[in-house]
Amino acid sequence: MPISNIHVHCFSTKHVPDKFLPYGLPSLLKRSWLRQPLTWTVDKLWPFSNKDQFSRFSRFVQSTYMQDQEELLRKLIAFYPDDAVFAILPMDMAFMGAGKVEEPLEQQLANLVAIRDKAEWRDRLRLFLPIDPRRFGPATDTASIERASTAALDFVRRYVEEHGFRGIKLYPMLGFWACDRRLWKVYHYCEAHGIPITTHASRGGVYYKGDLADSPELTTHPFGELLPLGEDNATFTDRLGDPDQFRYALEDFPKLKLNLAHYGGAADWASYLEKPWDPTDRNSTGRNVTVNWVHKINTLLRDTRFPNIYTDISYTLFDQRFVPLLKLFLFDEVIRTHVLYGTDFYMVEMDSTEREVAIQFRYWLGEPDFQQMQKNNQRFLE
């Protein structure tokens, strides 16, 4: 069985909004002679809450600046056997309230199709289509939701049926609810045709930068739940992609093939290990953002009503201290057959090389569990 990596990125600085960080910092970071001293200064002295965003973006620029998508993919495949398969996850960041994107989504996708169709890449790349419901129109009333959901479905069908895309990529923290009704026709289409969906499912990362007060589609839950007030963007947007938000769609589309990527994220793995919690808590399977996301995902994986829920270990599980807990989870036969292998390239390159982290994790995990993940990958992608 060829090795497959279920979670790979190759978008570049062309696909990130120009105001992703304040004070013109994105432009300054593109100057190589300024990048290192500026990064050091911010890491040591920056007093604001988005220091982590700056550090991530700085390392991102270092990994991708002046490289196109094919150059980044060539770097990736050099670490793997010649028959390895990769699921490519583009990003649509145009609506995250952080300014303009240099290269439009359609061009990003066209470039990926051209790369995939070259003889040397054929049969090795599985392209996923990023979907943001705001691209297709507002959700102000029933009629506008119907129009936008139809436009979203037409977009998905075109890229799946005409351009050979093999899956859908969601990133709700960019500014939409996982249960946004504009996604309903897309969910129905994906369930009917067995098309896999990968969604970001860890706290933090990239999030909506716009003014929440001017975003009624965010501050009004699609299903009328009461929302707390006064949270900052980073905290509030965690709610948008909370694993429990997918329960609304799963109740209508129980066979949806869904990968809750990152297995809840490193912060929740650390919390699972370090903080006391009550597994019998009545909120454990409810829509409560404070409940540990690792537990929420395991609860969904074990729910027999939803047989096609998966989770991948990209980025999160490359911290060695989490591996014993993962191996304990894998004693559960249902969980064992629904955990996917992915690395989050090139995000892991911020800390180490792709080859180093992949080999380390395979060694820590052990070959039987690694090969089981490869079988799970194959089933998810088929």
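Residues numbered from 1 in each chain as written. Predicted model: local features only at pLDDT ≥ 70, side-chain atom pairs only at ≥ 80, totals over all residues. Heavy atoms only, no water.

Asker: Could you clarify how one ought to interpret the overall build of the protein chain in this entry?
Answerer: Across its full length, the protein chain carries 16 helices and eight strands. Taking all 382 residues of the protein chain together, the buried fraction comes to 57%. When contacts within the protein chain are restricted to residue pairs at least 6 apart in sequence, long-range pairs at least 24 apart make up 82% of them. Within the structure as shown, the protein chain displays about 16,700 Å² of accessible surface, and the carbon and sulfur contribution to it stands at 53%. (Helix = DSSP H or I, 4+ residues; strand = E, 2+ residues; numbered from the N terminus. Buried < 20%, exposed > 50% of the residue type's maximum accessible area, 1.4 Å probe, protein only. Contact = heavy atoms within 4.5 Å. Areas by Shrake-Rupley, 256 points an atom, 1.4 Å probe, with all protein chains shown as cover.)

Asker: Which parts of the structure should I look at to understand the sheet that holds strand β6 (residues 258-264)?
Answerer: Across a sheet, paired strands are connected by hydrogen bonds in the backbone, their directions being either parallel or antiparallel. Pairing is parallel in the open sheet, where eight strands are placed in the order β1-β2-β3-β4-β5-β6-β7-β8. In this open sheet, the two strands that pair with only one neighbour each are β1 (4-8) and β8 (339-340). The sheet contact formed by β1 and strand β2 (residues 85-88) spans three bridges and is parallel. Across the sheet, residue Val-8 finds its bridge partner in β2, namely Ile-88. (Pairing = 2+ DSSP bridges.)

Asker: It is not clear to me how empty space enclosed by the protein should be interpreted in this structure. Could you clarify?
Answerer: Using a probe with the size of a water molecule, rolled over the atoms, empty space left in the structure can be pinpointed. Applying the stated criterion across every chain, the model contains one cavity of 30 Å³ or more. Within this model, the largest cavity holds a volume of roughly 60 Å³. Lining the largest cavity are Pro-90, Met-91, Asp-92, Pro-130, Ile-131, Asp-132, Lys-169, Leu-170, Tyr-171, Leu-174 and Phe-176. Among the residues making up the lining of the largest cavity, the classes are represented as eight nonpolar, no polar and three charged. (1 Å grid on protein atoms, 1.4 Å probe; cavity = no way out; pocket = protein on both sides within 12 Å on 5 of 7 lines; lining within 4 Å. Points joined across faces, edges and corners; volume = space filled by probe spheres on them. Nonpolar A, V, L, I, M, F, W, Y, C, P; charged D, E, K, R; others polar.)

Asker: It is not clear to me how the pattern of salt bridges should be interpreted in this structure. Could you clarify?
Answerer: Opposite charge on two side chains permits pairing when their charged atoms draw close. Within the structure shown, the criterion is met by 23 salt bridges. A salt bridge links Arg-336 to Asp-369, with the nearest nitrogen and oxygen atoms 2.3 Å apart. Here Asp-369 lies in helix α16 (residues 367-381) and Arg-336 lies in helix α14 (residues 333-336), a separation of 33 residues in the sequence. Comparing Arg-336 with Asp-369 shows no difference in burial state: the two are buried. Salt bridges here are not isolated pairs; linked through shared partners, they connect Glu-70, Arg-74, Lys-118 and Glu-120. (Salt bridge = Lys/Arg side-chain N within 4 Å of Asp/Glu carboxyl O.)

Asker: Whenever I open this one, unusual backbone geometry confuses me. Can you help?
Answerer: One non-glycine residue, His-262, lies in the positive phi region at around 75°. Mapped onto the elements of the fold, His-262 is located in strand β6. When its relative accessible area of 5% is taken as the criterion, His-262 is described as buried. Unusually for a residue other than glycine, Asp-344 sits at a positive phi of about 70°. If you trace the backbone, Asp-344 turns up in the loop between β8 and α15 (354-365).

Asker: When you look at the environment of Phe-11 in this model, what are you seeing that I'm missing?
Answerer: Along the polypeptide, Phe-11 turns up in the loop between β1 and α1 (25-29). Placed 80 residues apart in sequence, Phe-11 and Met-91 show a C-alpha to C-alpha distance of 6.9 Å.

Asker: Just checking my understanding: could you explain the packing of helix α6 (residues 142-162) against helix α7 (residues 184-193) for this structure?
Answerer: For any two helices packed against each other, the geometry comes down to the angle between their axes and how far apart the axes lie. The N-to-C vectors of α6 and α7 enclose an angle of 35°; their axes lie 7 Å apart at closest approach. Note on element contacts: α7 touches α6 through Lys-185, Val-186 and Tyr-189, opposite Glu-146, Ser-149, Thr-150, Ala-152, Leu-153, Val-156, Arg-157, Val-160 and Glu-161. (Axes fitted to C-alpha atoms, helices over the stretch in contact; angles between N-to-C directions.)

Asker: Can you help me understand the pairing of strand β4 (residues 167-170) in this one?
Answerer: Two faces make up the sheet, and in a regular strand the side chains alternate between them. By the alternation rule, side chains of β4 split into Gly-167 and Lys-169 and Ile-168 and Leu-170, which are all buried. Two strands pair when backbone bridges link them, and β4 and strand β5 (residues 197-202) are joined in this way by three bridges, in the parallel orientation. Across the sheet, Lys-169 pairs through a bridge with Thr-198, a residue of β5. Viewed along the sheet, the connection from β4 through α7 into β5 turns out right-handed. (Right-handed = clockwise from strand over helix to strand, strands pointing away.)

Asker: Looking at this structure, how should I read the packing of aromatic side chains?
Answerer: By convention here, two paired aromatic rings are described through the distance between centres and the angle between planes. Counted under the stated rule, the structure contains 19 aromatic pairs. Their ring planes at 90° and their centres at 5.3 Å tell us that Tyr-159 and Phe-165 sit as a pair that is edge-to-face. Using a relative accessible area of 3% as the deciding quantity, one classes Phe-165 as buried. Arranged with centres 6.2 Å apart and planes meeting at 80°, the rings of Trp-177 and Phe-236 form a pair that is edge-to-face. A residue pair is termed long-range when its members are at least 10 positions apart, and Trp-177 in the loop between β4 and α7 and Phe-236 in helix α9 (residues 233-238) qualify at 59 residues. Across this residue pair, the class does not change: Trp-177 and Phe-236 are buried. In this structure an aromatic cluster arises from ring pairing among Trp-184, Tyr-187, Phe-223, Tyr-248 and Phe-253. Between the NZ or CZ atom of Arg-181 and the centre of the ring of Trp-184, over which it lies, the distance is 4.7 Å. A cation over a ring is seen here: Lys-209 above Tyr-207, with NZ or CZ 4.4 Å from the ring centre. (Phe/Tyr/Trp six-rings, centres within 6.5 Å; stacked < 30°, edge-to-face > 60°. Lys NZ or Arg CZ within 6 Å of the ring centre and 35° of its normal.)

Asker: Just checking my understanding: could you explain the packing of helix α4 (residues 69-77) against helix α5 (residues 105-116) for this structure?
Answerer: One way to put it is that α4 packs onto α5 with a least axis distance of 10 Å and a crossing angle of 50°. Here α4 lies oblique to α5, going by the angle between them. In this structure, α4 crosses over α5, and the sense of that crossing is right-handed. Between α4 and α5, the contacting residues are Gln-69, Glu-70 and Leu-73 on the first element and Gln-108, Asn-111, Leu-112 and Ile-115 on the second. The residue inventory of the contact of α4 with α5, partitioned by class, reads three nonpolar, three polar and one charged. (Parallel < 35°, antiparallel > 145°, perpendicular 65-115°, else oblique. Left-handed = near helix turned anticlockwise from the far one by under 90°.)

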